[in-house]
Amino acid sequence: MFKDSDGNYKLKIAFDYDDTLTDSLLFKLAERLTKRGHDVWIMTARSSDEQYMDLYKSMNINPSSKTERNSDLLETVRQLGIENKVIYTNCEDKKDFFQ
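I will try to describe carefully the structure that is included in this document. The structure presented is a predicted model; accordingly, all values stated were derived computationally and were not measured. (Residues numbered from 1 in each chain as written. Predicted model: local features only at pLDDT ≥ 70, side-chain atom pairs only at ≥ 80, totals over all residues. Heavy atoms only, no water.)

A look at the sheet that holds strand β3 (residues 12-15)
And step 1. Across the sheet, three strands lie side by side as β3-β4-β5; this open sheet has parallel pairing. Bordering the open sheet on either side are β3 and β5 (86-88), each of which pairs with just one other strand. Averaged over all neighbouring strand pairs, the angle between strand axes comes to 25°, with direction disregarded.
And step 2. Note that β3 and strand β4 (residues 39-44) share four bridges and pair parallel. Among the inter-strand pairings, Lys12 is bridged to a residue of β4, identified as Asp39.
And step 3. In the packing of helix α2 (residues 24-35) onto the sheet, contacts are made with β3 and β4, and the angle to β3 comes to roughly 155°. (Pairing = 2+ DSSP bridges. Helix = DSSP H or I, 4+ residues; strand = E, 2+ residues; numbered from the N terminus. Axes fitted to C-alpha atoms, helices over the stretch in contact; angles between N-to-C directions. Contact = heavy atoms within 4.5 Å.)

Re the environment of Phe97
And step 1. Relative to the helices and strands, Phe97 resides in helix α5 (residues 94-98).
And step 2. On the accessibility criterion, Phe97 (34% relative accessible area) is partly exposed.
And step 3. Not counting residues up to four positions away in its chain, the partners in contact with Phe97 are Met43, Ile87, Tyr88, Thr89 and Glu92. (Buried < 20%, exposed > 50% of the residue type's maximum accessible area, 1.4 Å probe, protein only.)

Digging into a nonpolar patch on the surface
And step 1. Taken together, Met1, Tyr9 and Leu11 make up a surface patch of nonpolar side chains, about 370 Å² in accessible area.
And step 2. Note that Tyr9 resides in strand β2 (residues 9-10). (Patch = residues over 30% accessible without salt bridge, like charges linked within 9 Å, V, L, I, M, F, W, Y side chains within 5 Å. Areas by Shrake-Rupley, 256 points an atom, 1.4 Å probe, with all protein chains shown as cover. Salt bridge = Lys/Arg side-chain N within 4 Å of Asp/Glu carboxyl O.)

Okay, structure coming up:
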């Protein structure tokens, strides 16, 4: 919890994406928290495009084309207005990654 510039207490909260923010009720909660000025993030076990491409390069594989990876997640991020607030754990357990 932190105080904003007006002295109001705000939450810093992270939601999982798959089976969490994909649920309409939880998406509405995240949307409401964001609109009220809380610091909303997404932490997902998915890999980012950069992590995905690094894996391909490490195995000397050239992907056939740029895929539409994470397009659903990126659309949710856009709708919530939190474009720079996604943490990709690249399949690592979120608790271990966070600590």
